[in-house]
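Descriptive analysis of the structure
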Amino acid sequence: MKIHEYQGKQLFARYGIPIPKGYPAFSKEEARISAAKLIEETGIPVVVVKAQIHAGGRGKGGGVKLAKGGPDEAADLAEKMLGMQLVTHQTGPKGQKVRRLYIEQGLDIDKEFYLALVVDREARRVAMMGSREGGMDIEEVAARSPDKIHTLTMDPFLGLTGFQARKLAYALEMHRHGKAAFAQFVRLCHSLYDLFVKEDCSLLEINPLIVTKKGDVVALDAKINFDENSEFRHASDWADLRDVDEEDPVEFEAKKAGLSYVSLDGNIGCLVNGAGLAMATMDIIKAYGGEPANFLDVGGGANQEQVTKAFSIILKSPKVKGIFVNIFGGIMKCDVIATGVVAATRELGLTVPLVVRLEGTNVELGKKILAESGLAIQPADTMADGARKIVEATRG
Amino acid sequence: MAILIGKDTRVVVQGITGSAGGFHAKQCAAYGTQIVAGVTPGRGGETFEAVGPDGQLLKIPVFDTVEEAVEKTRADTSLIFVPPPGAADAIVEAADAGCSLIVCITEGIPVLDMVRTRRWLEGRSGVRLVGPNCPGVITPGACKIGIMPGHIHRPGRIGVVSKSGTLTYEAVGQLTAAGVGQSTCVGIGGDPIAGLDFIDVLELFNNDPDTDGVVLIGEIGGAAEIKAAEWIRGHMKKPVAAFIAGAAAPPGKRMGHAGAIINGGKGTAREKIEALEAAGVKVSRSPADMASTLLSLLK
């Protein structure tokens, strides 16, 4: 689960991580008021207007603007930014609509750094990564000069140790920015690790982390992803932080129904049990020259309502010209699926071609239910047979 | 006895009184697995009834702790159906009680819980963890510890190791349809932090006199398949056929499994297929050809 920069910074503040002063704004007027308040409180005439969307690369896309001309200029920038489709390398070509802004005090930057925490699956540890190449696309830095990224892995029983934090501080040459900056950075590393673990993050990224001309260490950005598996520990907090406007509405609806759905660009809808088989089904459709319209895993124990829901979600996309149901029944019995498919087809008045491949537990019973339904369902014996049939049925 | 489990394996089911745990405990018992105990805190003293492969009624004792279950029934393997908030704790409890094999079916365990659990298991050489978020392990005809449909399997000499559940069934179904049986099938699960990895299982198959070849099923995300390819190149004496799911998946989208996501151009199907092929593994491009690809290596 992703949250906005301003929400991430509010969390930073709770853990004592230094951030610039700032206020969220949802309208032009709120932006003006926030800017005036910031200028009065800080004595700094410059404020930054930042678009709040769940994607990186906002600066390059025009989602971060400096206002040097006071509250009126900030308000004008806010007016232009609110409602725009912000396109970055992470949003896709359609971009993401800007609905929230963050108005922040301007700071004099001496040096930009990169600092992040991730779960390193190969090391099976939380890892902290830092670089002096801040403010840039870190994947580019990693590809071009991996030696410029310094990584620590933490023993979960010890956490981040003092020497590790100092080691990273020296590697990033924090001592060149003064004793105070060095100490502030070390403290910040400890606070960040603490936040990462207590809040069940899967990713925490500050790009850039800055040292100001006065020698203070400040988190100028905050990108936080939470591990969705941990939601039961944070249910009320996360409900407040979740911005459903930023999520694909169909994917969100699917999630609420216990289905795992990802929309894609093709025209063949897929309904499959199990993530691996669902991916393999997309692959085989492609191998036969078709294009999948979605990834959809109904899970291990789907019932009739979930199958109907799955069909209605697939059919929400006007691109869908046919549906391929590929079920290998284990826990899920083929007759239950067949009954669900027949009910959904009737209930939704399905008009596009439907190919159904059933295998596994109670397969004969399932096939019989489909055959006796009187509906135009094409049975398939294997997944290759099914993929071939649905690609043919949707062609031209 | 193939690998990991066999006729003599004695299983305790953690979470046996839950709906999933109860259902699958019965299925495993019906397959012939020795389910010797169940554990649910607060339900100790109850009896769980199941029916064995020959129709005999089995009265399985339920205990409050795994320690007591192991002590009273000499269980050596745990099968876990405990819900996510308590699942990591259940793994540690099983290991602490002396189980040498722990199969965790639970899906949705917090990643940081697994980081701590894996760390705790380090250095405990007598314990093996399979999963979490996996279908389990089966040695066809002898022992089934998991949620896979037993009837699609058939005893034989091909090992299967996979991150996926139903895609594994697909591979097994293809093998069985082609008249080829399996020695042991191991679902290692699709979570980013888990127990046995591809290399651990390949090593077991490599040393198993009852296994002639291996089908490996991977998916996008992470680098486990790449590491496995490196290991195969240096050590594997038996033929390996592979399939990598997710060639059609776009980057940045999580495909159901927490681990199945292409990040920063890393973990693509193509990258993995190339690494495996460079190590001498034959990779089928279509999931419909998993068994036939392996068969082509045996002739």
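Shown above is the structure to which this text applies.
Residues numbered from 1 in each chain as written. Chains lettered and ligands numbered in written order. Predicted model: local features only at pLDDT ≥ 70, side-chain atom pairs only at ≥ 80, totals over all residues. Heavy atoms only, no water.

**Observations concerning the overall build of chain B**
- Along the backbone of chain B there are nine helices and 14 strands.
- Relative to its length of 299 residues, chain B is compact, with a C-alpha radius of gyration of 19 Å against a globular reference of 19 Å.
- Dimensions of chain B along its principal axes, counting C-alpha atoms only, are 55 × 40 × 30 Å.
- Buried residues in chain B amount to 62% of all 299 residues.
- In chain B, once contacts between residues fewer than 6 apart in sequence are set aside, the share between residues at least 24 apart is 72%.
- Of the accessible surface of chain B, which amounts to about 10,800 Å², a share of 50% is contributed by carbon and sulfur atoms.
- Here chain B holds 28 positive side-chain charges and 30 negative ones, and the gap between their average locations is 5 Å. (Helix = DSSP H or I, 4+ residues; strand = E, 2+ residues; numbered from the N terminus. Rg over C-alpha atoms; globule rule 2.2 N^0.38 Å. Buried < 20%, exposed > 50% of the residue type's maximum accessible area, 1.4 Å probe, protein only. Contact = heavy atoms within 4.5 Å. Areas by Shrake-Rupley, 256 points an atom, 1.4 Å probe, with all protein chains shown as cover. Lys, Arg positive; Asp, Glu negative; His and termini not counted. Charge placed at Lys NZ, Arg CZ, Asp CG, Glu CD.)

**A closer look at the nonpolar core**
- Counting residues in each nonpolar core, the largest one holds 102 residues, and the members touching the most others are Leu 4, Leu 79, Val 103, Val 186, Leu 216, Ile 232 and Met 255 of chain B.
- With eight residues, the single largest contributor to this core is helix α9 (residues 275-287) of chain A.
- If sequence neighbours within four positions are ignored, Leu 216 of chain B has contacts with Val 161, Phe 198, Leu 202, Ala 228, Ile 232, Val 240, Ala 241, Ala 242 and Phe 243 of chain B.
- Listed in part, the 73 residues of the second largest apolar core include Ala 165, Ala 169 and Met 174 of chain A together with Ala 37 of chain B. (Core = buried A, V, L, I, M, F, W, Y, C linked by side-chain atoms within 4.5 Å.)

**Quick look at the pattern of salt bridges**
Residue and element names in this part refer to chain A.
- According to the stated counting rule, one finds 45 salt bridges over all chains in the structure shown.
- Taking the shortest distance from any N to any O, the salt bridge between Lys 198 and Asp 194 comes out at 3.1 Å. Placement of the pair is Lys 198 and Asp 194 together in helix α6 (residues 179-198), with a separation of four residues, close to one helical turn.
- Its relative accessible area of 52% is what places Lys 198 among the exposed residues.
- On the basis of relative accessibility, which here comes to 29%, the residue Asp 194 falls in the partly exposed class.
- The residue Lys 389 makes a salt bridge to Asp 385 at a minimum N-O spacing of 3.2 Å. Of this pair, Lys 389 and Asp 385 both sit in helix α13 (residues 383-394), four residues apart, which is roughly one turn of that helix.
- Because the salt bridges share partners, they merge into one network encompassing Glu 5, Lys 9, Lys 50, Arg 58, Glu 104 and Asp 221. (Salt bridge = Lys/Arg side-chain N within 4 Å of Asp/Glu carboxyl O.)

**So, the packing of helix α7 (residues 224-235) of chain B against helix α8 (residues 269-278) of chain B**
Residues and elements named next belong to chain B.
- The contact between α7 and α8 brings their axes to 8 Å, and the two run at 5°. Accordingly, the angle class assigned to the pair α7 and α8 is roughly parallel. Taken together, the residues of α8 that come into contact with α7 (itself represented by Glu 225, Ile 226, Ala 229, Ile 232 and Arg 233) are Glu 271, Lys 272, Ala 275, Leu 276 and Ala 278.
- Class assignment for the residues of the contact of α7 with α8 results in six nonpolar, no polar and four charged. (Axes fitted to C-alpha atoms, helices over the stretch in contact; angles between N-to-C directions. Parallel < 35°, antiparallel > 145°, perpendicular 65-115°, else oblique. Nonpolar A, V, L, I, M, F, W, Y, C, P; charged D, E, K, R; others polar.)

**Quick notes on the interface of chain B and chain A**
- With 58 residues of chain B at the contact, the number on the chain A side is 46 residues.
- Taking both sides of the interface into account, the surface hidden between chain B and chain A amounts to around 4,000 Å²; carbon and sulfur atoms contribute 64%.
- Inspection of the region where chain B meets chain A yields six salt bridges.
- Between Arg 357 of chain A and Glu 170 of chain B there is a salt bridge whose closest N-O contact spans 2.7 Å.
- Viewed at the interface, chain A and chain B are joined by eleven residue pairs in polar contact (both at pLDDT 80 or more).
- When contributions to the side of chain B that touches chain A are tallied by element, the ones reaching two or more residues are α1 (19-31), α3 (84-96), α4 (111-121), α5 (166-177), α7 and β13 (240-245) of chain B.
- It is α4 of chain B that contributes the most residues to the side of chain B that touches chain A, eight residues altogether. (Buried area = accessible area lost by both parts, 1.4 Å probe. Polar contact = N/O pair within 3.5 Å; in protein donor to acceptor, adjacent residues only side chain to side chain.)

**Considering the sheet that holds strand β3 (residues 64-67) of chain A**
All names here are of chain A.
- Taken together, four strands build an open sheet; the order of strands is β1-β6-β2-β3 and the sheet is antiparallel. Each edge of the open sheet carries a strand with a single partner, namely β1 (22-25) and β3. Averaged over neighbouring strand pairs, the angle between their axes works out to 20° when direction is ignored.
- Of the strands in this sheet, β1, β2 (47-52) and β6 (100-105) are in contact with helix α2 (residues 28-42), which crosses β1 at around 175°. (Pairing = 2+ DSSP bridges.)

**Brief notes about the sheet that holds strand β8 (residues 136-139) of chain B**
Residues and elements named next belong to chain B.
- With respect to topology, seven strands assemble into an open sheet ordered β9-β8-β11-β10-β12-β13-β14, the strand pairing being mixed. If you trace the sheet from one side to the other, it starts and ends with β9 (143-146) and β14 (282-283), each paired once.
- By the bridge criterion, two bridges tie β13 to β14 in an arrangement that is parallel. Its bridge partner lying in β14, Ala 241 is registered against Lys 282.
- Contacts between α5 and the sheet are confined to β10 (155-162), β11 (182-187), β12 (213-219) and β13, with β10 contributing the most and set at about 155° to the helix.
- On top of the sheet, α8 reaches β12, β13 and β14; it is set at about 170° to β13, its chief contact.

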